[in-house]
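Structural overview for review
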Amino acid sequence: MTAMPKIELQGVTKTFGDNTVLKGIDLQVAAGESLVIIGTSGCGKSVTLKCLNGLITPDGGSIKIDGVEILGGGRAAMEGLRRRFGMTFQFGALFDSLPIWENVTFRLRQQRKLSKAAARDIAVATVTDLGLAPHVIDQYPAELSGGMQKRVALARAIADKPEILLFDEPTSGLDPITGGVIDRLIINAVQRLGATTVTISHDMASVRRIADKVAMVHNGVILWCGNVKDMDKSGVPEVHQFVHGLAEGPLTQIPANAQKGRK
Amino acid sequence: MLSFIQNIGRTALAFLSALGRLTLFSVIAVRWIFTPPYYWQQLLRQIIDIGYYSLPVVGLTTLFSGMVLALQSYTGFARFSAEDTVATVVVLSVTRELGPVLAGLMVAGRIGASMAAEIGTMRVTDQIDALDTLSTRPMQYLVAPRLLAGTLCLPFLVLIGDVIGVFGGYIVGVFRLGFNPAIYLSRTLQYLEVSDVTLGLIKAAVFGFLIALMGCYHGYHSGRGAEGVGRATTNAVVSASILILISNYLVTALFFGV
């Protein structure tokens, strides 16, 4: 008997206008597992992630968390469910008008009506765990470097100790060293929380560090999904090309009909 | 011919669709104003931004409008020896019409643009999605306090603008046109009725709501990138200004004779 997956997507579809982005996504993530979704730009990775926490409503299919269907439950059910999620965005999405301590404890203050002093204490503890100086909590996002903003975004995502963490390109725009530091912080934080994570990344070094399992999305479906250790021997040409960053291959081939059109 | 009709149909459908979206947005936003939790800090911030920081621009606008009005009405009324009515014309024009409309247009330029730019930037940098993921409804957190603050602050701004505008007329009347100060003041108050002031304040509340609504709506539905935010800002100011002029007539017509 296999354990029930923490997250399960079956046949998830989504169309924007004439463009069908997701044509039937099937994925399973076990509790405590770290899944990284890879794929070329515009293939539907971000849409898949946003479907998971209700920022985008799929047109069809099923999404289950702990075996419970989350689609069709209405806004109230989705809001309740979101408390179990933490998420970081590609460019941080920190609130410009709030100081760091209010950013980090935003959900705690809104939901639990924490006092200012208690919130500041939590903010200091969370940011210092992530290697930032305590005085940072009184600064504003615009005053921080890209790497520091990523750490604050991570602090905001984990401050409420969520069960599921979603990371949208956590190392994009960072130098390799800072990227490596962010990966280590993610791994440590996730281990401490025992959280299940779904990450989108283009950074293959980062993928190898943080992933237990890798799924490649291509043309709106999961082209390949397996253990990160098997990624190099998947036998799928698209996966091979993407993982090794090759300019030539099936992902960059111009379709025959498009070539005719050019003539 | 067929394509001409198609274009008319397409434009009409697009207009009705936009109107429907705006109506739905307004209804949802107004509902959140009255639904807990209430974001007092956000409301206070908006009240300070709209009510306090708009005072100089509204004060200057109404001051010089009152001064110009006194000069112009004197020029006109002197032609049929009705100079005595200058004070009355100034106070009625400022309280019923110029105060609310000019304050509305100035605040539309200042606040409508800033709301659209701020919310639009939040949209394109995923901050609105982040609010959702942090279990906070963006409409309730961002839009409802702005609508309430706009509706509450504009009447106060207009009331102060009315006083400053009438004072502008007084300065010109007394120091430039040679009116006796006591007589000018008495003429100012003689024909002024409470309904003149309240009509102006009702208009101001409507304008305040429309300015905030346009700022929030266009910001919330901003397109991607700097160009999208820029377009949202322009649309917010233009649509708020047009709606102020249209609703000014509608409110005046509604209370005509009062």
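Notes on the structure in this doc start here. Since the model is a prediction, treat every value here as computed from it, not as a measurement.

**Some thoughts on the interface of chain B and chain A**
Each partner contributes residues to the interface: chain B has 10 residues there, and chain A has 15 residues. When grouped by side-chain class, the residues that make up the side of chain B that touches chain A number two nonpolar, five polar and three charged.

**Quick word on the sheet that holds strand β8 (residues 196-200) of chain A**
Residue and element names in this part refer to chain A. The mixed open sheet is built from six strands, whose spatial order is β6-β7-β8-β3-β9-β10. Every interior strand has two partners, whereas the edge strands, β6 (85-88) and β10 (221-227), have only one. Averaged over all pairs of adjacent strands, the angle between their axes in this sheet comes to 15°, without regard to strand direction. Note: strand β7 (residues 164-168) against β8, five bridges, orientation parallel. Residue Leu166 lies in a different strand from β8, and its bridge partner there is Val198.

**Focus on the packing of helix α4 (residues 86-124) of chain B against helix α6 (residues 138-176) of chain B**
All names here are of chain B. Where α4 meets α6, the axes come as close as 7 Å, and the angle between the chain directions of the two elements is 145°. Two packed elements cross with a definite hand, and for α4 against α6 that hand is right-handed. Across the contact of α4 with α6, the residue classes tally to 16 nonpolar, seven polar and two charged.

**Quick look at the packing of helix α3 (residues 55-77) of chain B against α6 of chain B**
Residues and elements named next belong to chain B. Orientation of α3 relative to α6, taken along the N-to-C sense of each, is 35°, at an axis distance of 7 Å. In terms of crossing hand, the pair formed by α3 and α6 is right-handed. Of the residues in α6, those touching α3 at Leu55, Val58, Gly59, Thr62, Leu63, Phe64, Ser65, Gly66, Met67, Leu69, Ala70 and Leu71 are Leu157, Ile160, Gly161, Ile164, Gly165, Val166, Phe167, Gly168, Gly169, Ile171, Val172 and Gly173. In terms of residue class, the contact of α3 with α6 is built from 15 nonpolar, nine polar and no charged.

Rules used throughout
- Residues numbered from 1 in each chain as written.
- Chains lettered and ligands numbered in written order.
- Predicted model: local features only at pLDDT ≥ 70, side-chain atom pairs only at ≥ 80, totals over all residues.
- Contact = placed C-beta atoms within 7 Å.
- Nonpolar A, V, L, I, M, F, W, Y, C, P; charged D, E, K, R; others polar.
- Pairing = 2+ DSSP bridges.
- Helix = DSSP H or I, 4+ residues; strand = E, 2+ residues; numbered from the N terminus.
- Axes fitted to C-alpha atoms, helices over the stretch in contact; angles between N-to-C directions.
- Left-handed = near helix turned anticlockwise from the far one by under 90°.

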